[in-house]
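Analysis of the macromolecular model
As a plain string of letters, each chain reads:
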Amino acid sequence: MDAREIRSPELLPEASPVSLEANVESHRRKRLGIYFLESDDRRTALGGGYTSGATPVNIHGKPIPEFTISKTGGWIAAFFIFGNEMAERMAYFGLSVNMVAFMFYVMHRPFESSANAVNNFLGISQASSVLGGFLADAYLGRYWTIAIFTTIYLGGLTGITLCATMNTLMPNQDKCDQIALLLGNCEPAKPWQMLYLYTVLYITGFGAAGIRPCVSSFGADQFDERSRDYKEHLDRFFNFFYLSVTVGAIIAFTAVVYIQMKHGWGSAFGSLAIAMGMSNLVFFLGTPLYRHRLPGGSPLTRVAQVLVAAFRKRNASFQNSEFVGLYELPGQRSAIKGSSKIPHTEDFRCLDKAALRLKEDGVNPSPWRLCTVTQVEEIKILLKLVPIPACTIMLNLILTEYLTLSVQQAYTLNTHMGHLKLPVTCMPVFPGLSIFLLLSLYYSVFVPLSRRITGHPHGASQLQRVGIGLAVSILSVAWAGMFERYRRNYAIEHGYEASFLTPMPDLSAYWLLIQYCLIGIAEVFCIVGLLEFLYEEAPDAMRSIGSAYAAVAGGLGCFAATILNNIVKSVTGDVEKRKPSWLSQNVNTGHFDYFYWLLTVMSVINFCAFLLAARRYQYRAKQVNDIREQASIQPSTKGHVVP
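Residues numbered from 1 in each chain as written. Predicted model: local features only at pLDDT ≥ 70, side-chain atom pairs only at ≥ 80, totals over all residues. Heavy atoms only, no water.

Some details on the overall build of the chain
The criterion, for reference: Helical segments are the DSSP runs of H or I of at least four residues, strand segments are the runs of E of at least two, and each set is numbered from the N terminus. Residue contacts are defined here by distance: any two heavy atoms, one from each residue, within 4.5 Å place the two residues in contact. Reported accessibility uses the Shrake-Rupley method at a 1.4 Å probe radius. Residues are deemed covered only where the shown protein chains occlude them.
For the chain, the count of helices and strands is 19 helices and seven strands. Relative to all contacts within the chain whose residues are 6 or more apart in sequence, the contacts with residues 24 or more apart total 84%. Accessible area of the chain: about 27,000 Å², with a carbon and sulfur share of 64%.

See below:
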């Protein structure tokens, strides 16, 4: 075997071969990562290497020629992707705001169980997004993953439309007025009818899970990393991407609700299916324009290989290695398809043993015994990313609670705007409107002002924007607690304590706009900053999985909301003593204000945890610069390694 010690090809100029024996003592004092052991004797599956992780390919996996690359990708291709995301979000929010009412009014399910069922649907559809990210990064690529799952999504929406249209799929609606609904005297849905509804609902959620982690990453793939304006394009892309999400939500909360009121449930759900079908057509029309990235093989296999190799060598010492440094391929080649090389870092040193080459590894080592530095660093990056999206679970919990609690509050308030009476189910449109307004003014107002304060070219870094969003969410939920305190006292003082479905004419629902607008501002700063952060920081061959982190945080927020609701109801309520819980169906006898203040305290604790995580996190670009600066001060010597 021809093994040689060289400086990392991405960081340092190549050094002359040196004697291994001469470096044993100095090896004990050197930092890992300054030197890599590089060899050409790796098996073909890994050793052949791939020259560049950033090279775009066409739909057939062939590199796009330089003279035609300008005709692909860019903003034109991105707009085809925006259309698909807008329709998907329209369907998602259309279901989230209407399905609780559909289960209650049509399927005759209790309001509490309907809300929990929809929360679980939202949670599963988001938490399972890691599956879509895995398939995209490992085997299918982002384009084919979107194409397959968007078709599944359309099939689920069609099934829901049939459920709302065919009488055989619904319980009998005769003699079922509002009083009968409240008393539980309506004919309940048969078990097989609910089984059908849940089946098509979760098929829809499964389709959403495959699309969500891929769309933002696939859109960002359309921009050339080698371009001087790449960072600016990427920053604007994620803002426009979330703008398309917002437009879809606004349509769901207004037009779809209007269709439901005027033409019924079948027409409302049918409009979602039609919009999804049209967006699929638009997405496929843009196929010739798209740039693609090669899937890098199973990321779970690479993760498992690193963990197994590190465990096997857990007792090995870096000082006792028969070779100097850690294993990596020579030159610019990467062992992972779709990925460029990743420089070594000092975090999670226990994982570095997976790249420590020992004599017992043999001439042709198995990837389950010896991994490259790049492969190890992929796992380190995934681990280092976890705390940031984990801190956004709290924001997603609040968003989930607002979907149900704020609607229950709105039923007791006057929703008239002049001579126009807005349906209660339209109230969630106001966070969308605030997001739309903020994104419209973002580059003309926020960026110039914040640039003067922070000096950052984009106004604020990605983590700063996430932090701003979390801070504003605290203000939103604190205001919600104060207003609910006032609303509840007003209802009791004016004799509305038992009439929780009767609007109070002198108390406007538009006081809810303050908490809605604040949570909209929080969402745009936090989620847009998080999506951009995960795309840039994730490994090249795991960007869909990186984007799935945000969706998983959203799903965990939904599950956490259901768990928190159940805990609060069991702790604060007592059926035997007829003591209502904080989250009583009658909001005038419950204590939503206490619950909002509990969320405020939890949000403050979560924000402190985020500040700690953000302070400790170091951007990948900064890490590379630090490594280069550190390497540049190492004097070039032969036969001696400087600590």
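A short note on the confidence of the model for the chain
Spelled out, the test is: Here pLDDT means the predictor's own confidence in every residue, given as a number from 0 to 100.
Chain-level pLDDT for the chain is 79 on average; 85% of the residues reach the 70-or-more range. Between residues 1–53, whose pLDDT stays under 50, and residues either more than four places distant or in other chains, the model counts 150 contacts. Throughout residues 635–643 the model reports pLDDT below 50, and contacts reaching past four residues in sequence, or to other chains, amount to 23 contacts.

As for the packing of helix 4 (residues 111–127) against helix 17 (residues 543–572)
Defined as follows: Here an axis means a line fitted to C-alpha atoms, over the contact stretch when the element is a helix, while the angle between two N-to-C directions is reported on a 0 to 180 degree scale. When describing relative orientation, an angle under 35 degrees is termed roughly parallel and one over 145 degrees roughly antiparallel, while 65 to 115 degrees is termed roughly perpendicular and anything else oblique. In this scheme, a crossing is called left-handed if the near helix is turned counterclockwise away from the far one by less than a right angle; it is called right-handed if the turn is clockwise.
Running from N to C, helix 4 and helix 17 point in directions that differ by 155 degrees, and their axes come no closer than 6 Å. Looking at the two axes, helix 4 sits roughly antiparallel to helix 17. As for how helix 4 packs across helix 17, the hand of that crossing is left-handed. Of helix 17, the residues touching helix 4 (which contributes Glu112, Asn116, Asn119, Asn120, Leu122, Gly123, Ile124, Gln126 and Ala127) are Ala551, Val552, Gly554, Gly555, Cys558, Phe559, Thr562, Asn566 and Lys569.

Some thoughts on the side chain of Thr412
The criterion, for reference: We define a polar contact as two N or O atoms separated by no more than 3.5 Å, with the added condition that, inside protein, one atom must be a possible hydrogen donor and the other a possible acceptor, whereas residues neighbouring each other in sequence contribute only through side-chain atom pairs.
Residue placement: Thr412 occurs in the loop between helix 13 (393–410) and strand 4 (413–414). At 2.7 Å, the side chain of Thr412 and the backbone oxygen of Gln409 are in polar contact. With sequence-adjacent residues up to four places away left out, Thr412 is seen in contact with Arg487, Phe500, Thr502, Pro503, Met504, Val587 and Asn588.

Some points on the packing of aromatic side chains
To be explicit about the condition: Pairs were defined over the aromatic rings of Phe, Tyr and Trp, the Trp ring being its six-membered one, requiring ring centres within 6.5 Å. Orientation was assigned from the angle between planes: stacked under 30 degrees, edge-to-face over 60, tilted for the rest. Burial classes follow relative accessibility: with a 1.4 Å probe on protein chains only, a residue under 20% of its type's maximum area counts as buried, one over 50% as exposed, and anything between as partly exposed. Lysine NZ or arginine CZ positioned within 6 Å of the ring centre and within 35 degrees of the ring normal marks a charge as sitting over the ring.
With the rule as written, the count across this model stands at 36 aromatic pairs. Seen in terms of ring centroids, Phe102 and Trp265 are 5.5 Å apart; in terms of plane orientation they differ by 65 degrees. Their pairing is edge-to-face. Of the two residues, Phe102 sits in helix 3 (residues 74–105) while Trp265 sits in helix 9 (residues 265–285), which places them 163 residues apart along the sequence. Each member of the pair Phe102 and Trp265 is classed as buried. The ring of Tyr92 is capped by Arg89, whose NZ or CZ atom sits 4.1 Å from the centre of that ring. When the ring centre of Phe311 is taken as reference, the NZ or CZ atom of Arg314 above it lies at 4.0 Å.

A short note on the nonpolar core
Which entries qualify depends on this criterion: To form a nonpolar core, buried Ala, Val, Leu, Ile, Met, Phe, Trp, Tyr and Cys residues must be joined to one another through side-chain atoms within 4.5 Å.
Core analysis: the biggest nonpolar cluster contains 144 residues, and Met99, Phe102 and Phe269 have the highest contact counts within it. Top contributing element to this core by residue count: helix 3, with 17 residues. When near neighbours in sequence (up to four residues on either side) are disregarded, Met99 contacts Val118, Ile160, Leu197, Leu201 and Phe269. Grouped together as the second largest cluster of nonpolar side chains are 15 residues, Val306, Leu351, Leu356 and Cys371 included.

Some remarks on the pattern of salt bridges
As a reminder, the rule being used: By salt bridge we mean one thing: a side-chain nitrogen of Lys or Arg within 4 Å of a carboxyl oxygen of Asp or Glu.
In total, this model carries 15 salt bridges according to the counting rule given. A salt bridge links Glu346 to Arg349, with the nearest nitrogen and oxygen atoms 3.0 Å apart. The salt bridge involving Arg487 is made with Glu484; its shortest N-O contact spans 2.8 Å. In this pair, Arg487 and Glu484 both sit in helix 15 (residues 462–493), three residues apart, roughly one turn of the helix.

What about the packing of helix 13 against helix 16 (residues 512–537)?
To keep it simple, the criterion reads: Residues are grouped as follows: nonpolar covers Ala, Val, Leu, Ile, Met, Phe, Trp, Tyr, Cys and Pro; charged covers Asp, Glu, Lys and Arg; every other residue, Gly included, is treated as polar.
Two numbers describe how helix 13 lies on helix 16: the axes approach to 11 Å, and their chain directions differ by 160 degrees. Viewed along their axes, helix 13 and helix 16 adopt a mutual orientation that is roughly antiparallel. Two packed elements cross with a definite hand, and for helix 13 against helix 16 that hand is left-handed. When helix 13 is examined against helix 16, the residues Leu395, Ile398, Leu399, Tyr402, Ser406, Val407, Gln409 and Ala410 are found in contact with a partner set consisting of Leu512, Gln515, Tyr516, Ile519, Ala522, Glu523, Cys526 and Ile527. Each residue belonging to the contact of helix 13 with helix 16 can be placed in one class, and the counts come to twelve nonpolar, three polar and one charged.

Regarding unusual backbone geometry
Here His108, not a glycine, exhibits a phi torsion of approximately 60 degrees, which is positive. You can see His108 is positioned in the loop between helix 3 and helix 4. Judged by its relative accessible area of 11%, His108 is buried. At Phe348, a position not held by glycine, the phi torsion is positive, near 45 degrees.

Considerations on the environment of Gln618
Positionally, Gln618 belongs in the loop between helix 18 (592–616) and helix 19 (620–632). Given a relative accessible area of 29%, Gln618 falls into the partly exposed group. Residues Gln618 and Lys384 lie 234 residues apart in sequence; the distance between their C-alpha atoms is 9.2 Å.

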